[in-house]
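Each chain, letter by letter, is given below.
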Amino acid sequence: MTIETVETHKAHGGIQGVYRHRSAATGGTMTFAVFMPPRSDAPVPFVTYLSGLTCSHANVMDKGEYRKAAADLGIAVICPDTSPRGEDVANDDAYDLGQGAGFYVDATESPWAPHFRMWTYVTEELPALIAEHFPVDPSRQGIMGHSMGGHGALTVALRHPGRFRAVSAFAPIVAPMQVPWGRKAFPAYLGPDTANWRRHDAVALIEDGARVADILIDQGTADNFLDGQLKPELLKSACDAAGIPLTLRLQDGYDHSYHFISTFMADHLAWHAMRLKA
């Protein structure tokens, strides 16, 4: 697989780059960002960050403030887009469906199925591409995300516990089957069979037997989506019943924005580094 370098910048002794490539999974051009820490003699661990609704790789790259922590910890950070994009890619007038709102699933329904294969992209194609072109250690991967990306990170980790050795999230959608965002996106992308929805719902996956070693969640108490869309208490109940150690930190006064994410980004990277370097 070939990649094109869009831009690179030196930061904290490492390199922040933006790259694009032709994706077999999504049938179009995908753009992603990679921060490589200062060079070492050995391949480094890496963490994939999945962004939320309406975002691209650029939001966290510009506002996430992860580079100093990643450089100090010696880990790479990978930031893919949230969906395929382009004139030939299906879209919707609403912000929570279509381009910018891929929900990290492989769509089976028209008009989304030809391009909206973000599950395959983030679990198979992108990790293989990163391992081919960057000095990373594929045996030491973590995954994290925000909101819709937190949903993606949790479900990816729960379904691939042997590959992703650490998982965390900022204000994740933990039970999309039970909230408006998911009840809109899942039938549109996956059809009416709720058995297919359960494979992309963290609470349902845990109820059905999926397990990870532990989870870190930060959630702002002033988040306007907290009660209607996010419902972290559902994840806590599921983890308690399953015996999964969950660190759920309710951060007083923080909202859903990158001001919140950037405040606790270093904590999350340290969480991942501890598990990826063990």
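Here, the structure is the one placed above.
Here is a short report on the structure shown in this document.

**A look at the overall build of the protein chain**
- Of regular secondary structure, the protein chain possesses 10 helices and 9 strands.
- Here the protein chain has a C-alpha radius of gyration of 17 Å; the compact-globule value for 278 residues is 19 Å, and the two agree.
- Considering only C-alpha atoms, the protein chain reaches an extent of 50 × 40 × 35 Å along its principal axes.
- Within the protein chain, buried positions represent 59% of all 278 residues.
- Considering only residue pairs separated by 6 or more positions, the protein chain has 71% of its internal contacts joining residues 24 or more positions apart.
- If you sum the accessible surface of the protein chain, you get close to 10900 Å²; carbon and sulfur atoms cover 50% of it.
- Positive and negative charge centroids in the protein chain, built from 23 and 31 side chains respectively, lie 5 Å apart.

**Quick notes on the side chain of serine 51**
- With respect to the helices and strands, the residue serine 51 is situated in the loop between strand E4 (44-50) and helix H1 (57-63).
- Other than its neighbours up to four places away in sequence, serine 51 contacts Ser56, Val60, Thr82, Tyr104, His146, Met148, Gly149 and Tyr258.

**Things to note about helix H10 (residues 258-276)**
- For H10, with 19 residues, the first-to-last C-alpha span of 25 Å sits near the 27 Å given by 1.5 Å per residue.
- For H10, the principal kink sits at phenylalanine 264 and spans about 45 degrees.
- The N-terminus of H10 is capped by serine 257, whose side-chain oxygen sits 3.2 Å from the backbone nitrogen of histidine 259.

**Considering the packing of helix H3 (residues 118-133) against helix H4 (residues 148-159)**
- The N-to-C vectors of H3 and H4 enclose an angle of 60 degrees; their axes lie 12 Å apart at closest approach. Considering their axes alone, H3 and H4 lie oblique with respect to each other. Where H3 crosses over H4, the handedness of that crossing is right-handed. Contact with H3, carried on its side by Trp119, Val122 and Thr123, involves Thr155, Val156 and Arg159 of H4 and no other residues of that element.
- Residue composition of the contact of H3 with H4, by class: 3 nonpolar, 2 polar and 1 charged.

**Points about the nonpolar core**
- Membership of the largest hydrophobic core comes to 97 residues, with the highest contact counts inside it found for Phe103 and Tyr189.
- Take this core: its biggest share by element is 9 residues, from H10.

**So, the pattern of salt bridges**
- As enumerated under the stated definition, the model contains 12 salt bridges in all.
- Between lysine 68 and aspartate 72 there is a salt bridge, with its nearest N and O atoms 2.8 Å apart. Remark: aspartate 72 and lysine 68 occur in helix H2 (residues 67-73); sequence separation between them is 4 residues, near one turn of the helix.
- When its relative accessible area of 57% is taken as the criterion, aspartate 72 is described as exposed.
- Arginine 198 serves as the salt-bridge partner of aspartate 208, at 2.9 Å between the closest nitrogen and oxygen. Of this pair, aspartate 208 sits in the loop between helix H7 (202-207) and strand E8 (215-220) while arginine 198 sits in helix H6 (residues 194-198), placing them 10 residues apart in sequence.
- A single network of salt bridges, built from pairs that share partners, joins Arg198, Glu207 and Asp208.

**Observations concerning the sheet that holds E8**
- Reading across the sheet, the 9 strands line up as E1-E2-E3-E5-E4-E6-E7-E8-E9 and stay open at both edges, with mixed pairing between neighbours. Here the strands that pair on one side only, and so sit at the sheet edges, are strand E1 (4-11) and strand E9 (246-251). Averaged over neighbouring strand pairs, the angle between their axes works out to 20 degrees when direction is ignored.
- Here strand E2 (residues 14-23) pairs with strand E3 (residues 28-36) via 9 bridges, running antiparallel. When the sheet's bridge partners are listed, glutamine 16 is paired in E3 with phenylalanine 35.
- Of the strands in this sheet, E2, E3, E4, strand E5 (76-80) and strand E6 (136-146) touch H3, which is tilted by about 55 degrees from E3.
- Together, E8 and E9 form the strand contacts of helix H9 (residues 232-242), whose direction differs from that of E9 by roughly 160 degrees.

**Describing the side chain of serine 56**
- Tracing the sequence through the fold places serine 56 in the loop between E4 and H1.
- Sequence-distant contacts of serine 56, that is, excluding residues within four places in its chain, are made with Ser51, Pro80, Asp81 and Arg85.

**What about the pairing of E4?**
- With 7 of its 7 residues buried, E4 lies for the most part within the structure.
- Where E4 lies against E6, 6 bridges are found, and the strand directions are parallel. Across the sheet, tyrosine 49 pairs through a bridge with methionine 144, a residue of E6.
- Here E4 runs beside E5; their pairing, made up of 3 bridges, is parallel. When the bridges of E5 are listed, valine 47 appears paired with valine 77.

Procedures and definitions
- Residues numbered from 1 in each chain as written.
- Predicted model: local features only at pLDDT ≥ 70, side-chain atom pairs only at ≥ 80, totals over all residues.
- Heavy atoms only, no water.
- Helix = DSSP H or I, 4+ residues; strand = E, 2+ residues; numbered from the N terminus.
- Rg over C-alpha atoms; globule rule 2.2 N^0.38 Å.
- Buried < 20%, exposed > 50% of the residue type's maximum accessible area, 1.4 Å probe, protein only.
- Contact = heavy atoms within 4.5 Å.
- Areas by Shrake-Rupley, 256 points an atom, 1.4 Å probe, with all protein chains shown as cover.
- Lys, Arg positive; Asp, Glu negative; His and termini not counted.
- Charge placed at Lys NZ, Arg CZ, Asp CG, Glu CD.
- Expected span 1.5 Å × (residues − 1).
- Bend = angle between axes of the 7 residues up to and from the residue.
- Polar contact = N/O pair within 3.5 Å; in protein donor to acceptor, adjacent residues only side chain to side chain.
- Axes fitted to C-alpha atoms, helices over the stretch in contact; angles between N-to-C directions.
- Parallel < 35°, antiparallel > 145°, perpendicular 65-115°, else oblique.
- Left-handed = near helix turned anticlockwise from the far one by under 90°.
- Nonpolar A, V, L, I, M, F, W, Y, C, P; charged D, E, K, R; others polar.
- Core = buried A, V, L, I, M, F, W, Y, C linked by side-chain atoms within 4.5 Å.
- Salt bridge = Lys/Arg side-chain N within 4 Å of Asp/Glu carboxyl O.
- Pairing = 2+ DSSP bridges.

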